[in-house]
Amino acid sequence: MDAPAARIALFLAVRNVPYATDGAHDAETLMTVGRGDCLAKSAYLIEGFRALGHQARRVRWPYHLPDRPEEVRLLISREDVHSACEVRIGGRWTLVDATHDPALAAAGLTVAEWDGLSDTVPAYEPRGPLWRPGDGPEPVPNNGVAVAADLGERYRQAFNRWLRHVRAGGFAQAGNS
């Protein structure tokens, strides 16, 4: 079995990849694209933990989108579904969420640290029960209510512009633009 240092190194490698919803959406392309969403980051962690000899699984939950960018107000609902990873360490399932890269802390987004043993803080606070494989149907954004494709795309583009703006140092706190 691996030492906590190997788990921490994997976590940091994934966490430090820029978070973006216009990047990779799977483990296979995360490191080549150089940015990715929670699906890609959690999938990469799961594969990495399994390579280290651990059981690992995806966990999902509903959450509310951040207040920024302004385009979030155009959406019918701010509810979305987040993906993270659980890894079995010492006989218990441990939440590992490497979604947000360190630069995003300037905007008030949660950037996790990890000691290789205990749960990380989730990137987004759950707004409902956590879903795990075998729990039945996976949660879906907006309780299954469709968002107009143009609004969803407009928000996604604005959100990624905002993330780039934050990384460029143009954002001091969550309430600033």
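Residues numbered from 1 in each chain as written. Predicted model: local features only at pLDDT ≥ 70, side-chain atom pairs only at ≥ 80, totals over all residues. Heavy atoms only, no water.

**What about the layout of surface pockets?**
Right, so step 1: Taken as a whole, the largest pocket spans an internal volume of roughly 550 Å³.
Right, so step 2: Lining the largest pocket are 24 residues, with Thr21, Tyr63, Leu65, Asp80 and Tyr155 positioned closest to its centre.
Right, so step 3: Elements represented by at least two residues in the lining of the largest pocket include exactly strand S1 (19-24), helix H3 (38-51), strand S2 (56-64), strand S3 (79-89) and helix H4 (149-167).
Right, so step 4: The leading source of residues in the lining of the largest pocket is H4, at five residues. (1 Å grid on protein atoms, 1.4 Å probe; cavity = no way out; pocket = protein on both sides within 12 Å on 5 of 7 lines; lining within 4 Å. Points joined across faces, edges and corners; volume = space filled by probe spheres on them. Helix = DSSP H or I, 4+ residues; strand = E, 2+ residues; numbered from the N terminus.)

**Points about the pairing of S3**
Right, so step 1: The buried fraction of S3 amounts to nine of the 11 residues, a majority that puts the element mostly inside the structure.
Right, so step 2: Strand direction decides the pairing type here: S2 and S3, joined by nine bridges, are antiparallel. When the bridges of S3 are listed, tyrosine 63 appears paired with aspartate 80.
Right, so step 3: Two elements, S3 and strand S4 (residues 92-96), share five bridges in a ladder whose sense is antiparallel. Looking at S4, one finds that arginine 88 is bridged to tryptophan 93. (Buried < 20%, exposed > 50% of the residue type's maximum accessible area, 1.4 Å probe, protein only. Pairing = 2+ DSSP bridges.)

**Observations regarding the side chain of serine 42**
Right, so step 1: Mapping serine 42 onto the fold places it in helix H3.
Right, so step 2: Contacts of serine 42, omitting those with residues within four sequence positions, involve Ser83, Ala84 and Cys85. (Contact = heavy atoms within 4.5 Å.)

**What to know about the pattern of salt bridges**
Right, so step 1: Tallied over the full model, the rule gives 13 salt bridges.
Right, so step 2: Residue aspartate 22 is joined to arginine 164 by a salt bridge in which the shortest nitrogen-to-oxygen separation is 3.6 Å. Placement of aspartate 22 in strand S1 and of arginine 164 in helix H4 is noted, with a sequence separation of 142 residues between them.
Right, so step 3: On the accessibility criterion, aspartate 22 (28% relative accessible area) is partly exposed.
Right, so step 4: The exposure class of arginine 164 is partly exposed, given its relative accessible area of 45%.
Right, so step 5: With a closest N to O distance of 3.1 Å, aspartate 67 and arginine 78 form a salt bridge. (Salt bridge = Lys/Arg side-chain N within 4 Å of Asp/Glu carboxyl O.)

**A few points about empty space enclosed by the protein**
Unfilled space is identified by rolling a water-sized probe across the atoms.
Right, so step 1: Under the criterion given, the structure shown has one cavity of 30 Å³ or more.
Right, so step 2: Considered as a void within the structure, the largest cavity measures approximately 30 Å³ in volume.
Right, so step 3: Cys38, Lys41, Ser42, Leu45, Ser83, Ala84, Val96, Asp97, Ala98 and Thr99 are the residues that line the largest cavity.
Right, so step 4: At four residues, H3 tops the list of elements feeding residues into the lining of the largest cavity.
Right, so step 5: Of the residues contributing to the lining of the largest cavity, the split by class is five nonpolar, three polar and two charged. (Nonpolar A, V, L, I, M, F, W, Y, C, P; charged D, E, K, R; others polar.)

In short, geometric facts, not functional conclusions.
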